[in-house]
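# Fold and geometry: a report
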Amino acid sequence: MARHCLNCEGRDDLRRFDDETFAIEHAGLTATVDGLSGWRCGTCGEVEFDPVSARRYAAAGDDLVLRERARQSREIRRIRRKLGLSQIAAARLTGGGHNAFSRYERGEAAPLPAVVNLFRLLDKHPELLRELV
Ligand SMILES: [Zn+2]
């Protein structure tokens with residue numbers, strides 16, 4: 001039975017591929033996953049992985065998200081300590097609840113980009129903290 005693309009409903013049948021390497025990028029981090037197999041649309045290029053390949057590809061993507069979150073957690077903690085702020089004082093400054101920084105720094109929650117951006121600015125210009133507290 002011919003398989004058709006669920007993305008474009010193109011008339012070209014899906015074409016089999018095996019043992020290919022795919023790169024995944026997230027927030028500047030990259031990972032490659034090799035040995036992937038599945039089907040590719042001849043019209044739009046959409047890829048449908050076989051179940052095992054789909055799980056491996058998704059796991060590699062999840063791993064990148066966790067690595068980026070861990071990297072951001074370390075960065076937030078480093079800057080907060082450099083600024084001499086307790087977790088509670090940092091949360092008072094940026095909102096998000098009294099235990100927000102505890103959660104950010106344990107990787108349980110991702111801070112809003114505005115919080116990360118503010119901390120990166122304060123990392124470069126710590127004297128500006130006086131303007132805020
Ligand atoms: Zn397609």
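Above this text you will find the structure in question.
Predicted model, so just to flag it, every value in this text is computed and none were measured.

### Some points on the coordination of the zinc ion
Octahedral six-donor coordination of a metal ideally yields angles of 90 or 180 degrees, compared with 109.5 degrees for tetrahedral four-donor coordination. All of the protein donors around the zinc ion are Cys5 (SG), Cys8 (SG), Cys41 (SG) and Cys44 (SG); their distances to the metal are 2.3 to 2.4 Å. Here the zinc ion binds four donor atoms, and the angle range of 106 to 113 degrees at the metal identifies the geometry as tetrahedral. Linear spacing of the donor residues for the zinc ion on their chain is C-x2-C-x32-C-x2-C. Here Cys41 lies in strand β2 (residues 29–41) and Cys8 lies in the segment before β1 (14–26), a separation of 33 residues in the sequence. For Cys41, a relative accessible area of 3% corresponds to the buried category.

### Regarding the pattern of salt bridges
When charged atoms on two side chains of opposite charge get close, those side chains can pair. This structure, assessed with the given rule, holds 14 salt bridges. For Arg56, the salt bridge goes to Asp34, with nearest N and O atoms at 4.0 Å. Separated by 22 residues along the polypeptide, Arg56 in helix α1 (residues 51–82) and Asp34 in strand β2 bring together distant segments of the chain. For Arg71, the salt bridge is made with Glu68, and the minimal N-O distance between the two is 2.9 Å. Here Glu68 and Arg71 lie together in helix α1, a separation of three residues that amounts to about one turn. Judged by relative accessible area, Arg71 falls into the partly exposed class, the value being 31%. One network of salt bridges, with partners in common, ties together Glu68, Arg71, Glu75 and Arg120.

What counts, and where the lines are drawn
- Residues numbered from 1 in each chain as written.
- Predicted model: local features only at pLDDT ≥ 70, side-chain atom pairs only at ≥ 80, totals over all residues.
- Heavy atoms only, no water.
- Donors = N, O, S within 2.8 Å, 3.2 Å for Na, K, Ca; no water.
- Tetrahedral: all angles 85-135°; square planar, octahedral: opposite > 155°, others 65-115°.
- Helix = DSSP H or I, 4+ residues; strand = E, 2+ residues; numbered from the N terminus.
- Buried < 20%, exposed > 50% of the residue type's maximum accessible area, 1.4 Å probe, protein only.
- Salt bridge = Lys/Arg side-chain N within 4 Å of Asp/Glu carboxyl O.

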